[in-house]
Amino acid sequence: QQAGAMSNSSQQANSQPDICIVGAGLAGSMCALMMARRGAKVTVIEGRPDFRDRKGSSHSGLHGQLTDATKRSINLALSTRGLAALERVQLANKVKEICLPMHGRQIHFPTGDQEFQAYG
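Keep in mind that this is a model prediction, so the values were computed, not measured. Along every chain, residues carry numbers that run from 1 in the direction the sequence is written. Local features in this predicted model are restricted to residues of pLDDT 70 or higher, and side-chain atom pairs are both shown and tallied only at a pLDDT of 80 or more, whereas totals for entire chains, interfaces and linings draw on every residue. The side-chain values count all of the structure's non-hydrogen atoms but skip hydrogen atoms and water molecules.

(A) Highlighting the overall build of the chain. Secondary structure elements follow DSSP: runs of H or I no shorter than four residues count as helices, runs of E no shorter than two count as strands, and numbering proceeds from the N terminus. Within the chain, the regular secondary structure consists of four helices and seven strands. Mapped in sequence order, the helices and strands of the chain form the string α-β-α-β-β-β-β-α-α-β-β. Buried positions account for 10% of the 120 residues belonging to the chain. The long-range share in the chain, meaning contacts at least 24 apart out of those at least 6 apart in sequence, stands at 19%. The protein chains shown are the only cover counted for residues, whose accessible areas, like all others here, come from Shrake-Rupley with a 1.4 Å probe. Taken as a whole, the chain presents about 10,100 Å² of accessible surface, with 54% of it coming from carbon and sulfur. Summary of the burial criterion: residues with accessible area below 20% of their type's maximum are buried, those above 50% are exposed, and those between are partly exposed, where the area comes from a 1.4 Å probe applied to protein chains only. Throughout, a contact is declared for two residues whenever any of their heavy atoms are within 4.5 Å.

(B) Expanded view of the pairing of strand β6 (residues 104-108). Strand pairing follows a simple DSSP-based rule, namely that at least 2 bridges must link the two strands. Relative to strand β7 (residues 114-118), β6 is paired through five bridges, and the arrangement is antiparallel. Across the sheet, His108 pairs through a bridge with Gln114, a residue of β7.

(C) Region of interest: the pairing of strand β2 (residues 41-45). Examined bridge by bridge, strand β1 (residues 18-22) and β2 share five bridges and lie parallel to one another. What sits directly across from Asp18, in β2, is Lys41. Crossover handedness for the path β1 to helix α2 (residues 26-37) to β2: right-handed. Looking down the strands as they point away from you, a crossover is right-handed if its path from the first strand over the helix to the second goes clockwise.

(D) How the structure looks around α2. In a helix, the anticipated span is given by 1.5 Å times the number of residues less one. Here α2 is 12 residues long and its end C-alpha atoms lie 17 Å apart, about the 16 Å a rise of 1.5 Å per residue gives. Among the residues of α2, those classed as buried are Gly28, Met30 and Ala32. Along its buried surface, α2 packs onto β1, β2 and α3 (80-88). In the segment just after α2, Gly39 is the residue with positive phi, at about 100°.

(E) Main features of unusual backbone geometry. Backbone geometry at Gln90 places phi at a positive 55°, although glycine is not the residue there. Residue class for Gln90 comes out exposed when judged on its relative accessible area of 60%.

(F) Just the environment of Ser29, in detail. Considering the arrangement of structural elements, one finds Ser29 in helix α2. Taking the C-alpha atoms as reference, Ser29 lies 7.9 Å from Val44; in sequence the two are 15 residues apart. Setting aside anything within four residues of it in sequence, one finds Ser29 in contact with Gly23 and Ala24.

(G) Broad picture of the confidence of the model for the chain. Taken over all residues, the pLDDT of the chain has a mean of 77, while the share at 70 or more is 65%. By definition, pLDDT measures how confident the predictor is in each residue, and it falls between 0 and 100. Every residue in residues 1-12 scores below 50 in pLDDT, and together they form three contacts with partners more than four places removed in sequence or on other chains.

(H) Summary view of the environment of Arg37. With respect to the element layout, Arg37 can be found in helix α2. On the basis of relative accessibility, which here comes to 47%, the residue Arg37 falls in the partly exposed class. Sequence spacing of Arg37 and Val89 is 52 residues, and the spatial spacing of their C-alpha atoms is 8.8 Å. Excluding anything up to four places from it in sequence, Arg37 contacts Val89, Gln90 and Leu91.

So, in structure tokens, the structure goes:
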């Protein structure tokens, strides 16, 4: 038997393997949720810090979060494909409760001019 290999009886006693997912983005988080709901013990590893943990350095608003570190607004769009994935894990209705419609995007030119571009 190889070093570190499980015996056949050990594998049968613990039929659900431990799973490690690298990356807590949209795909990693969804995968972790689906595996955990199937009974697996899941660990998620994320290399980037959670921008929400910077106490005193961010400002929340209705349409996103502006961080002092990035000076960028954090907004997420929900596509039809994303909504279908949320429906698979019975979270679509909860997410829809906190969503705002996005009718288009505002383009900011280096000249200072702005232009609204409607979606669809």
